[in-house]
Amino acid sequence: MWRRVASLSPLISSSKPSSLCSAGYGLKIWVSFSTEAPAPMELIPKKTPFITFVLGGPGSGKRYTRCKIAETFGFTHLSAGELLRKEMLSTSEYGAMIHDKMRKGKIVPSEVTVKLLQREMESSNNHKFLIDGFPRTEENRVAYERIVGTEPNLVLFFDCPEEEMINVYLTGRVDDRIDIVKKRLKIFQALTLPVIEYYSKIGKLHTINAVGTVDEIFEKVYPIFESCEAIK
């Protein structure tokens, strides 16, 4: 038989900036006192997800740094853009709609993007997620919090001068022109900066000076995660 022996309650309130790296697991621990077969995995509650959003303009260096973060600290990396493209090629209920929206240059509804992210998190055995390039807009952010029912634990903003981002973004890209990159930067500033400002106001934002090599930038990020007991 299985006997419930402990229940851990949330350690601290999430309303204070100091709670950014704290665990609120609500995890039930079960111990076996017999030789019966183990309980099905779906009956064993998972740890509360630890969510990190990674934001930054095109060419800000977040692409390579996120890989080092995921590898070093055991995060599962999720990209909203990659999930949309993958779903577009499927025969799911969303596939045709996503294809039609992208073909017409229209934005996929935030609810669809959030549900794709939620599905990936719920099907994963991991509880630590690094979500890249999301939320891009305030509408994305509001939809995420409404559907998932929680805010991210951390938000990383890779801050980089425009000239540096243009140089980095154009490296190795033969077809992209400077005017196209500048247009993308303007879109980022108009739509994503309000999201960054919001997370700054509520004490969840960590701004990273994204100038330097991948290793140099990672050294600036490392202490943020190293101090988080919730991800260990």
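Residues numbered from 1 in each chain as written. Predicted model: local features only at pLDDT ≥ 70, side-chain atom pairs only at ≥ 80, totals over all residues. Heavy atoms only, no water.

### Digging into the sheet that holds strand β4 (residues 76-79)
Overall, parallel pairing links the five strands, which are arranged β4-β5-β3-β6-β7 in an open sheet. Looking at which strands have only one partner, the edges of the open sheet turn out to be β4 and β7 (205-209). Direction aside, neighbouring strands of the sheet carry axes that sit 25° apart on average. The sheet contact formed by strand β3 (residues 50-56) and strand β6 (residues 154-159) spans five bridges and is parallel. (Pairing = 2+ DSSP bridges. Helix = DSSP H or I, 4+ residues; strand = E, 2+ residues; numbered from the N terminus. Axes fitted to C-alpha atoms, helices over the stretch in contact; angles between N-to-C directions.)

### Observations concerning the packing of helix α4 (residues 110-122) against helix α5 (residues 138-148)
α5 packs onto α4 with a crossing angle of 50° between their chain directions and a minimal axis gap of 9 Å. Relative to α5, α4 is oriented oblique. In this structure, α4 crosses over α5, and the sense of that crossing is right-handed. Contact residues: α4 offers S110, E111, V114, Q118 and M121, while α5 offers E139, N140, A143, Y144, R146, I147 and V148. Taken together, the residues of the contact of α4 with α5 break down into six nonpolar, three polar and three charged. (Parallel < 35°, antiparallel > 145°, perpendicular 65-115°, else oblique. Left-handed = near helix turned anticlockwise from the far one by under 90°. Contact = heavy atoms within 4.5 Å. Nonpolar A, V, L, I, M, F, W, Y, C, P; charged D, E, K, R; others polar.)

### Overview of the pattern of salt bridges
The tally for this structure, following the rule as stated, stands at nine salt bridges. Taking the shortest distance from any N to any O, the salt bridge between K68 and D215 comes out at 2.9 Å. Residue K68 is located in helix α1 (residues 62-73), and its partner D215 is located in helix α9 (residues 214-226); the two are separated by 147 residues in the primary sequence. Residue classification places K68 among the partly exposed residues on the basis of a relative accessible area of 27%. Across the pair E145 and R141 runs a salt bridge whose closest N-O atoms are separated by 3.3 Å. One end of the pair, E145, and the other, R141, are both in helix α5, four residues apart, so they sit about a helical turn from each other. (Salt bridge = Lys/Arg side-chain N within 4 Å of Asp/Glu carboxyl O. Buried < 20%, exposed > 50% of the residue type's maximum accessible area, 1.4 Å probe, protein only.)

### As for the packing of helix α6 (residues 162-170) against helix α7 (residues 178-191)
Two elements in contact, α6 and α7, have axes whose closest approach is 10 Å; the angle formed by their N-to-C orientations is 125°. On the basis of their axis angle, the class for α6 and α7 is oblique. With respect to the hand of their crossing, α6 and α7 are arranged in right-handed fashion. Residues E162, M165, I166, Y169 and L170 of α6 form the contact with α7, whose participating residues are I178, V181, K182, R184, L185 and Q189. Considered class by class, the residues forming the contact of α6 with α7 number seven nonpolar, one polar and three charged.

### So, the nonpolar core
Counting residues in hydrophobic clusters, the biggest one holds 27 residues, and the most contacted among them are F53, I131 and F134. Mapped by element, the contributors of at least two residues to this core are β3, α2 (80-88), α4, β5 (128-132), α5, β6 and α8 (193-201). Among the elements that take part in this core, α4 stands out by supplying five residues, more than any other. In this structure, C160, M165, A210 and F218 belong to the second largest nonpolar core, which totals 26 residues. (Core = buried A, V, L, I, M, F, W, Y, C linked by side-chain atoms within 4.5 Å.)

### Some details on α1
Taking 1.5 Å of rise per residue, twelve residues should cover 16 Å, and α1 covers 16 Å from first to last C-alpha, within 8% of that figure. Next to the buried residues of α1 lie β3, β4, α2, β5, β6 and α9. At the C-terminal side of α1, G74 shows a positive phi close to 75°. (Expected span 1.5 Å × (residues − 1).)

### Here's the deal with the confidence of the model for the chain
Chain-level statistics for the chain give a pLDDT mean of 79 and a share of 77% at 70 or above. Segment residues 1-20: pLDDT under 50, and 41 contacts once partners within four positions in sequence are set aside and those in other chains are kept. Of the regions scoring below 50 in pLDDT, residues 22-36 engages in 42 contacts with residues more than four places distant in sequence or in other chains. (pLDDT = per-residue confidence, 0-100.)

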